[in-house]
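# Working through the structure, step by step
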Amino acid sequence: MRNSKPLSLVLLVAVGLALAQGLYLDLKAQKVVVKEGKEVLEEALAVAPGDVLEWRLVAENQGKDPLRQVALVIPIPKETFYLEGTASPLRLNGATIRPEFSFDGGKTFGLPPLKKRVRVVENGKEVEKEVEVDPKEYTHARWVLPELKPGQKVEVRLRTQVK
């Protein structure tokens, strides 16, 4: 991943906002490698096309009050694409929180399958059609926690592949 500056800036802003509320965030990317037939995670110091990265976001409420409607967002770097099915639902306080995805830079989110409108030519006429978004087009994944209690810690993760 040649240019990590935009991702770093987004993370710094998110971490700054989170710290103001007592929310600790830690996002790490590790390279997934297979050694002796088993997957292991290594530091992602250098990556090449085809490499798989696992992104883990840990969030902890270090404040004294519960936090409500906590959005945990993992941006998917443009040099990578999301590997479908790798963002698992989170079990928290008896609820299952399914990941939502965005394909428009984090402006809107929804549960898969996401849909978009495109213009196509059919029988010599331009028409607008609704089509399913390929998960490789996702730009962000988000889990919205109804409540994160004081001292509570959660982890969400997903995998991407380097283009």
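For the structure itself, consult the block above.
Only a predicted model underlies this, so the values are computations on that prediction, with no experimental measurement involved.

Moving on: the overall build of the protein. Check the secondary structure of the protein and you find 1 helix and 12 strands. When the helices and strands of the protein are read in sequence order from the N terminus, they spell out α-β-β-β-β-β-β-β-β-β-β-β-β. For the protein, the proportion of its 163 residues judged to be buried stands at 33%. Considering only contacts within the protein whose residues lie at least 6 apart along the sequence, 68% involve residues at least 24 apart.

This part is about the packing of aromatic side chains. Aromatic rings considered in pairs are described by the distance between their centres and by the relative angle of their planes. Under the counting rule described, the total for this entry stands at 3 aromatic pairs. Ring plane angle 45 degrees and centroid distance 5.0 Å describe the contact between Y82 and F101, whose orientation is recorded as tilted. Residue Y82 is located in strand 5 (residues 80-82), and its partner F101 is located in strand 8 (residues 100-102); the two are separated by 19 residues in the primary sequence. In this structure Y82 comes out as buried when scored by relative accessible area, which is 3%. Ring geometry for F101 versus Y138: centroids 4.6 Å apart, planes at 25 degrees, classification stacked. With F101 in strand 8 and Y138 in the loop between strand 10 (125-132) and strand 11 (140-148), the pair connects residues that are 37 residues apart, well separated along the chain. Exposure class is identical for F101 and Y138. Each is buried. Taking NZ or CZ as reference, K136 lies 4.9 Å from the ring centre of F81, over its face.

As a further point, take the sheet that holds strand 5. Strand order in the open sheet formed by 5 strands is 2-1-3-12-5, and the pairing between neighbours is antiparallel. Bordering the open sheet on either side are strand 2 (38-43) and strand 5, each of which pairs with just one other strand. When strand polarity is set aside, the average angle formed by the axes of neighbouring strands in this sheet is 40 degrees. When strand 5 meets strand 12 (residues 153-162), the two strands line up antiparallel, connected through 3 bridges. Its bridge partner being in strand 12, T80 is matched across the sheet by V162.

Here we take up the nonpolar core. Within the largest apolar cluster, 29 residues are counted, with the highest numbers of intra-cluster contacts made by L72, I74, L90, W143, L145, V154 and L158. Taken together, the elements giving at least two residues each to this core come down to strand 1 (23-35), strand 3 (52-61), strand 4 (67-75), strand 6 (90-92), strand 11 and strand 12. Sequence-distant contacts of L72, that is, excluding residues within four places in its chain, are made with L25, L57, A59, A141, R142, W143, L145, V154 and V156.

This next bit is on the sheet that holds strand 11. A sheet is described by the order of its strands in space; here 3 strands give the open sequence 4-11-8, paired in antiparallel fashion. Two strands in the sheet have a free side with no partner beyond their single neighbour: strand 4 and strand 8. For this sheet the average axis-to-axis angle between neighbouring strands, irrespective of direction, equals 30 degrees. Two strands pair when backbone bridges link them, and strand 4 and strand 11 are joined in this way by 8 bridges, in the antiparallel orientation.

About the thresholds
Numbers given for residues are sequential positions, taken from 1 along each chain in its written order. Confidence filtering applies because this is a predicted model: local features only for residues at pLDDT of at least 70, side-chain atom pairs given and counted only at 80 or more, and all residues used for totals across whole chains, interfaces and linings. Working from all heavy atoms in the structure, the side-chain values ignore hydrogens and water. Working definition: helices are DSSP H or I runs of at least four residues, strands are E runs of at least two. Numbering for both runs from the N terminus. Burial classification: accessible surface area is computed with a 1.4 Å probe over protein chains only, and a residue below 20% of its type maximum counts as buried, one above 50% as exposed, and the rest as partly exposed. Throughout, a contact is declared for two residues whenever any of their heavy atoms are within 4.5 Å. Here the aromatic set is Phe, Tyr and Trp, taking the six-membered ring for Trp, and pairing holds for ring centres within 6.5 Å; pairs whose planes are under 30 degrees apart are stacked, those over 60 apart are edge-to-face, and all others are tilted. The criterion for a charge sitting over a ring is simple: Lys NZ or Arg CZ within 6 Å of the ring centre, and within 35 degrees of the ring normal. Here, a strand pair is defined by DSSP locating no fewer than two bridges between the strands. To define axes, lines are fitted to C-alpha atoms, for helices over the stretch in contact only, and angles between the resulting N-to-C directions are given on a 0 to 180 degree scale. Among the buried residues, those of types Ala, Val, Leu, Ile, Met, Phe, Trp, Tyr and Cys that are joined through side-chain atoms within 4.5 Å form a nonpolar core.

By themselves, these figures tell us nothing about what the structure is for.
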